[in-house]
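Observations on chain architecture
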Amino acid sequence: MPGKHRSHCGGTQIFINWCILLIPVRLALSMEKLRTAVNHIAYKRDHSKLSTLHRVLLPLLSFSSSAYAAALSFRRYLYLSGYFCKRRLPVPVISVGNITWGGNGKTPMVEFIAQWLADCGISPLILTRGYAGGDESKMLARHLLGSRAMIGVGANRAATADRFLKQYGHLESPNFLFEGTWVVQKDNTQLNPGKIGAVVLDDGMQHWSLQRDLEIVMVNGLAPWGNCHLIPLGPLREPLTALRRADIAVIHHANLVSQQNLRDIELVMRDINDSLPIYFTRMSPSHFFEVGNINSRIPLVFINGVILLCVSAIGSPNSFVQGMEKVGAVYVDRIDFSDHHMFQTTDIDIIMTRLRELEDKFGSRPVVVVTEKDYDRDPEILKHLGPFKVLVLCSELQIVPYRGKTKDSFIKLLKELMMVKWSVENKTKL
């Protein structure tokens, strides 16, 4: 019958449409599982203890890692041979990077340096690629609001720098001094607050197309080298020998690491670069704000005696969860996603299911806590977790005083190295 036939075709088409809509969702779920599996393999030194499913991935990951190593070596050769040229900007460049993926504290260190430069009367330009919705650049913009700092976002950071330098200009021949105004014009005239005095390169260690005057490498103290293989078999973006290029190394999350493990990390770095200055940092929680009310400032004691669900898609979720356990929550549960993961409606369903389970188990409504990066990636989707309260943890990087290494000595070292390197660079030009 014609009517029934049309109904059947309509139902089939609706089914097909739903399947098409579900393909991206299923693909996203599969990719998230794959990223989780790869991350697990990367930090497992003994592959014999991996599950059968994970061991199936090893040949492909091993081949991909070898291909990546070959490409990396060839790229390095092209720069060393002069076939690829490194661009020199007209102002000093401080690079903050790492040799492993995620969770090393690069962005907080970039903010620390940019704020220090701004406090010294210098207008810094932060160059960041704006990966995964620009969560890091949004966080930097919020934290540095009202300061002299500028933020340039784009994969081609040389082009981004050109655009800002053309628009704002730059200080001519900056001189780095120990006392008084750190950067001054040759004629000692008042600094133009709009002119760029220095560049801070976020995630710059593998960005070889820009020359830098100072190379700071960040190391995740909780998981420094993983299985010591290159990506994707391991977490290394470069071999450990890349530490020879570093001027300063910083072990991040040092407050969550035993002194023995800190010594072990130091020994590895000293074997490669025995003169490398090594400092230690931590993330210090300051307060929360509530999703939907960014201007709220909720003290940390709010979660005392509360059931917490930590939800994050960051490089080092363990540090986030351990930090919340120390603040005083009565119970802390967690849901981890891969670094820079964009939350989907399916993720919200998973989180809601866990929240209801916790509520049934403890007889009280749990509170969700996310990081600022998770919030900045998509503030709106987190509102769908209502009626549960969702808090955003705000933290700042602090230099941990350890073996005579302090914030003051770190800043002094930055000044000394920049003064020497910028002077050498200027003499080379003459």
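What you see is a predicted model, and the numbers here were worked out from it, not measured in a lab.

Topic: the pattern of salt bridges
For the structure shown, the criterion picks out 17 salt bridges. As a salt-bridge pair, Arg88 and Asp213 come within 3.2 Å of each other at their nearest N and O atoms. Of this pair, Arg88 sits in the loop between helix H2 (52-80) and strand E1 (93-98) while Asp213 sits in the loop between strand E6 (196-202) and strand E7 (214-220), and the two are 125 residues apart along the sequence. The same class applies to Arg88 and to Asp213, which are both buried. The closest approach of N and O atoms between Lys389 and Glu290, which form a salt bridge, is 3.2 Å. Of this pair, Lys389 sits in the loop between helix H9 (372-377) and strand E14 (390-399) while Glu290 sits in strand E9 (residues 278-290), and the two are 99 residues apart along the sequence. When salt bridges with common partners are traced through the structure, they connect Arg129, Asp203 and Arg237 into a single cluster.

Considering the side chain of Arg377
Relative to the helices and strands, Arg377 is located in helix H9. Overall, the relative accessible area of 5% leaves Arg377 in the buried class. Here the side chain of Arg377 touches Asp135 through a polar contact of 3.0 Å, side chain to side chain. Reaching out from Arg377, the side chain makes a polar contact with the backbone oxygen of His341 at a distance of 3.1 Å.

What about the packing of aromatic side chains?
What describes a pair of aromatic rings is the distance from one ring centre to the other and the angle between the planes of the rings. Going through the model one piece at a time under the given rule, you end up with 11 aromatic pairs. Aromatic pair Tyr83 and Phe84: ring centres 5.6 Å apart, planes at 40 degrees, arrangement tilted. According to the relative accessible area criterion, Tyr83 is exposed, its value standing at 63%. Counting every residue linked through ring pairs, the aromatic cluster contains Tyr79, Tyr83, Phe84 and Trp208. The residue whose ring lies beneath Arg76 is Trp208, and the NZ or CZ to ring-centre distance is 5.0 Å.

A look at the pairing of E14
Extensive coverage of E14 is indicated by the burial of eight of its 10 residues. For strand E13 (residues 367-371) and E14, the ladder comprises four bridges, and the chain directions are parallel. Note that in E14 the partner of Val370 across the bridge is Val392.

Here's the deal with the layout of surface pockets
Space inside the second largest pocket adds up to approximately 240 Å³. Lining the second largest pocket we find 15 residues, and of these Lys86, Gln211, Arg212, Asp213 and Glu215 sit closest to its centre. Listing elements by their share of the lining of the second largest pocket, those giving two or more residues are E7 and helix H10 (407-429). Broken down by class, the residue content of the lining of the second largest pocket amounts to four nonpolar, one polar and 10 charged.

Quick notes on the nonpolar core
Ranked by size, the top nonpolar core spans 29 residues in total, and within it Met109, Ile113, Ile216, Ile248, Val250 and Phe410 carry the most contacts. Of all elements in the fold, only E1, helix H3 (106-119), E6, E7, strand E8 (248-252), E14 and H10 reach the threshold of two or more residues within this core. No other element matches H3, which puts seven residues into this core. Other than its neighbours up to four places away in sequence, Phe410 contacts Met109, Phe112, Ile248, Val250, Tyr279 and Ile399.

Considering a nonpolar patch on the surface
A surface patch of nonpolar side chains, about 260 Å² in accessible area, is lined by Val330, Tyr331 and Phe362. Of note, Phe362 is situated in helix H8 (residues 345-362).

A short note on H8
The periodicity of an α-helix, 3.6 residues per turn, causes residues three or four positions apart to be oriented the same way. Its 18 residues give H8 an end-to-end C-alpha distance of 26 Å, which sits within 8% of 26 Å, the value for a rise of 1.5 Å per residue. The complete set of buried residues in H8 reads Asp347, Ile348, Ile351, Met352, Leu355 and Leu358. Projected down its long axis, H8 carries its buried residues within an arc of 135 degrees, all on one side. Facing away from the buried side of H8 by over 90 degrees, the exposed positions are Asp360 and Lys361. The secondary structure elements touched by the buried residues of H8 are strand E11 (307-312), strand E12 (331-336) and E13. Once H8 ends, the next one or two residues include Gly363, with phi positive near 75 degrees.

A short note on helix H7 (residues 317-327)
The complete set of buried residues in H7 reads Pro317, Ser319, Phe320, Val321, Gly323 and Met324. Positioned one or two residues after H7, Gly328 has a phi angle of 130 degrees, which is positive.

Focus: unusual backbone geometry
Cis peptide bonds are those with omega within 30 degrees of zero, and the linkage from Ile231 to Pro232 qualifies with 5 degrees. Gly386 connects to Pro387 through a cis peptide bond whose omega is 15 degrees. Mapped onto the secondary structure, Pro387 falls in the loop between H9 and E14. The residue Asp203 is not glycine, and still its phi comes out positive at about 55 degrees. One can find Asp203 in the loop between E6 and E7. Residue class for Asp203 comes out buried when judged on its relative accessible area of 7%.

Points about the side chain of Gln206
Structurally, Gln206 can be placed in the loop between E6 and E7. For Gln206, a relative accessible area of 12% puts it in the buried group. Here Asn98 takes part through its backbone oxygen, which lies 2.9 Å from a polar atom of the side chain of Gln206. Ignoring anything within four residues of it in the chain, the contact list for Gln206 reads Arg75, Asn98, Ile99, Arg237 and Glu238.

Describing the confidence of the model for the chain
Per-residue pLDDT for the chain averages 86, and the proportion of residues at 70 or more is 86%. For residues 1-23, every residue scores under 50 in pLDDT, and the model assigns this stretch zero contacts once sequence neighbours within four places are set aside. Scored below 50 in pLDDT, residues 25-29 makes two contacts in the model with residues more than four places away or belonging to other chains.

Parameters at a glance
Residues numbered from 1 in each chain as written. Predicted model: local features only at pLDDT ≥ 70, side-chain atom pairs only at ≥ 80, totals over all residues. Heavy atoms only, no water. Salt bridge = Lys/Arg side-chain N within 4 Å of Asp/Glu carboxyl O. Helix = DSSP H or I, 4+ residues; strand = E, 2+ residues; numbered from the N terminus. Buried < 20%, exposed > 50% of the residue type's maximum accessible area, 1.4 Å probe, protein only. Polar contact = N/O pair within 3.5 Å; in protein donor to acceptor, adjacent residues only side chain to side chain. Phe/Tyr/Trp six-rings, centres within 6.5 Å; stacked < 30°, edge-to-face > 60°. Lys NZ or Arg CZ within 6 Å of the ring centre and 35° of its normal. Pairing = 2+ DSSP bridges. 1 Å grid on protein atoms, 1.4 Å probe; cavity = no way out; pocket = protein on both sides within 12 Å on 5 of 7 lines; lining within 4 Å. Points joined across faces, edges and corners; volume = space filled by probe spheres on them. Nonpolar A, V, L, I, M, F, W, Y, C, P; charged D, E, K, R; others polar. Core = buried A, V, L, I, M, F, W, Y, C linked by side-chain atoms within 4.5 Å. Contact = heavy atoms within 4.5 Å. Patch = residues over 30% accessible without salt bridge, like charges linked within 9 Å, V, L, I, M, F, W, Y side chains within 5 Å. Areas by Shrake-Rupley, 256 points an atom, 1.4 Å probe, with all protein chains shown as cover. Expected span 1.5 Å × (residues − 1). Arc of directions from axis to C-beta. pLDDT = per-residue confidence, 0-100.

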